[in-house]
Amino acid sequence: MEGKEEDVKLGANKFSERQPLGTAAQTDKDYKEPPPAPLFEPGELKSWSFYRAGIAEFMATFLFLYVTILTVMGVKKSPSMCSTVGIQGIAWAFGGMIFALVYCTAGISGGHINPAVTFGLLLARKLSLTRAVWYIVMQCLGAICGAGVVKGFEGHRFYGVAGGGANVVSHGYTKGDGLGAEIVGTFVLVYTVFSATDAKRNARDSHVPILAPLPIGFAVFLVHLATIPITGTGINPARSLGAAVIYNQEHAWDDMWIFWVGPFIGAALAAIYHQIVIRAIPFKSRA
């Protein structure tokens, strides 16, 4: 009995009934601000993990375009929207694939799958310029290949008639409307990425890294619901480029700048907001 009483006392001391929660649990000992990534890191070019991460980004973006553009083609092919998954199904395809692919590749490349996400993290000094350029190149190549496979399945004639899943500003909206929708939509996505992968939250709440792909995928789903009627929803320059290259029609190229400028502005605003306003990192470094 004495031994059991000692075990109970030890447990009570080790796991007290009242433990601090949330921000109250944060101490200087369990978290340190990681140093910013160097702008140029030539040593990365000699590491296999660098190339493996790029290949992971290529494959993830390839699969992303394959599933999502094929879903769009299925909706376009049906004579009635009631017999297809509709806009909600398209949004679920984009959000669900991001959820799955971020979960699969986060431990290898960070699971960016989007040049705008990569750009935002670069501005926050979460990765080097060398790695950012490598990721963006591989993302764009993967997107082109993914859209190309869909065209091979659907055939040249129908693929062209159905619009190839290319992003364009819809009739009734101006280019300014499209640009604004892309900026706000990408801001929502990249801000969610920063919040879901925040190292400070990871140190405080052990469940955050496991759940990170879920809010990111859900953000993509919600943004698609809101902006599909306006631009078809880009918020990912690689996705827009891949579909446009394979579709290769003039009106898709006319609006292409919107789907690069808008997401990059949105990503930059999200990075500034999170790093300066939410985390106040510049002020901490001065202190």
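Above this note sits the structure.
Every value quoted in this text rests on a predicted model; they were computed, and no experiment measured them.

J.: What exactly am I supposed to notice about helix α3 (residues 86–105) here?
T.: Side chains three or four residues apart in an α-helix point the same way, a direct result of the helix having 3.6 residues per turn. Here α3 spans 28 Å end to end across 20 residues, near enough to the 28 Å set by a 1.5 Å rise per residue. Those residues of α3 not exposed but buried are Gly 86, Gly 89, Ile 90, Ala 91, Ala 93, Phe 94, Gly 95, Met 97, Ile 98, Leu 101, Val 102 and Thr 105. On its buried face, α3 is in contact with α2 (48–77), α10 (213–231) and α11 (237–247).

J.: Sorry, what's going on with the side chain of Arg 131 here?
T.: On the secondary structure map, Arg 131 appears in helix α5 (residues 129–154). Residue classification places Arg 131 among the buried residues on the basis of a relative accessible area of 15%. When near neighbours in sequence (up to four residues on either side) are disregarded, Arg 131 contacts Glu 44, Ser 49, Phe 50 and Ala 53.

J.: How should I be thinking about the pattern of salt bridges in this particular structure?
T.: Side chains that differ in charge, positive against negative, can pair when their charged atoms come close. The full count for this structure, using the stated rule, is two salt bridges. One salt bridge in this structure joins Arg 131 and Glu 44, with 3.0 Å as the shortest N-O distance. Here Arg 131, found in helix α5, pairs with Glu 44, found in the loop between α1 (2–14) and α2; they are 87 residues apart in sequence, far enough to count as distant. Among the residues examined, Glu 44 registers a relative accessible area of 10% and is labelled buried.

J.: Please explain the nonpolar core as it appears in this structure.
T.: Generally speaking, nonpolar side chains in soluble globular proteins are found buried as a group. Phe 64, Ile 69, Met 73, Tyr 159, Leu 189 and Ile 216 are the most contacted members of the largest nonpolar core, which totals 53 residues. Put simply, the parts of the chain that give this core at least two residues each are α2, α3, α4 (115–123), α5, α7 (175–196), α10, α11 and α13 (258–278). Top element by residues in this core is α2. It accounts for eight residues. When near neighbours in sequence (up to four residues on either side) are disregarded, Met 73 contacts Val 150, Glu 154, Phe 158, Tyr 159, Ala 162, Gly 164 and Gly 165.

J.: Any chance you could explain the packing of α4 against α7 here in plain terms?
T.: Helix packing for two helices is described by the angle between their axes and how far apart those axes are. In the contact formed by α4 and α7, the axes pass within 10 Å of each other and the chain directions differ by 55°. Compared by their axis directions, α4 and α7 come out oblique. As α4 runs across α7, the sense of the crossing is right-handed. For the pair formed by α4 and α7, the contact residues are Ala 116, Val 117, Gly 120 and Leu 121 on the first element and Thr 186, Leu 189, Val 190, Val 193 and Phe 194 on the second. A per-class count over the contact of α4 with α7 returns seven nonpolar, two polar and no charged.

J.: How do you make sense of the environment of Leu 127 when you look at a structure like this?
T.: Tracing the backbone through its elements, the reader meets Leu 127 in the loop between α4 and α5. For the pair formed by Leu 127 and Pro 36, sequence separation is 91 residues and the distance between their alpha carbons is 7.9 Å. Leave out the neighbours within four places in its chain, and Leu 127 touches Ala 37, His 112, Thr 118, Leu 121, Leu 122, Ala 132 and Tyr 135.

J.: What exactly am I supposed to notice about the packing of aromatic side chains here?
T.: What the rule picks out here adds up to twelve aromatic pairs. Plain terms: the ring middles of Tyr 51 and Trp 134 are 5.7 Å apart, the flat faces sit at 75° to each other, and that makes the pair edge-to-face. Of this pair, Tyr 51 sits in helix α2 while Trp 134 sits in helix α5; the two residues are 83 residues apart in sequence, bridging distant segments of the chain. For Tyr 51, a relative accessible area of 30% corresponds to the partly exposed category.

J.: Please clarify how the packing of α2 against α3 should be interpreted in this entry.
T.: Orientation of α2 relative to α3, taken along the N-to-C sense of each, is 165°, at an axis distance of 10 Å. Between α2 and α3, the angle falls in the class roughly antiparallel. Crossing angle aside, the handedness with which α2 passes α3 is right-handed. Of the residues in α3, those in contact with Ala 56, Ala 60, Leu 63, Phe 64, Val 67, Thr 68, Thr 71, Val 72 and Val 75 of α2 are Gly 86, Gly 89, Ile 90, Ala 93, Phe 94, Met 97, Ile 98, Leu 101 and Thr 105. Along the lines of polarity and charge, the residues of the contact of α2 with α3 split into 13 nonpolar, five polar and no charged.

Parameters and conventions
- Residues numbered from 1 in each chain as written.
- Predicted model: local features only at pLDDT ≥ 70, side-chain atom pairs only at ≥ 80, totals over all residues.
- Heavy atoms only, no water.
- Helix = DSSP H or I, 4+ residues; strand = E, 2+ residues; numbered from the N terminus.
- Expected span 1.5 Å × (residues − 1).
- Buried < 20%, exposed > 50% of the residue type's maximum accessible area, 1.4 Å probe, protein only.
- Contact = heavy atoms within 4.5 Å.
- Salt bridge = Lys/Arg side-chain N within 4 Å of Asp/Glu carboxyl O.
- Core = buried A, V, L, I, M, F, W, Y, C linked by side-chain atoms within 4.5 Å.
- Axes fitted to C-alpha atoms, helices over the stretch in contact; angles between N-to-C directions.
- Parallel < 35°, antiparallel > 145°, perpendicular 65-115°, else oblique.
- Left-handed = near helix turned anticlockwise from the far one by under 90°.
- Nonpolar A, V, L, I, M, F, W, Y, C, P; charged D, E, K, R; others polar.
- Phe/Tyr/Trp six-rings, centres within 6.5 Å; stacked < 30°, edge-to-face > 60°.

This is a description of form; function is not addressed.
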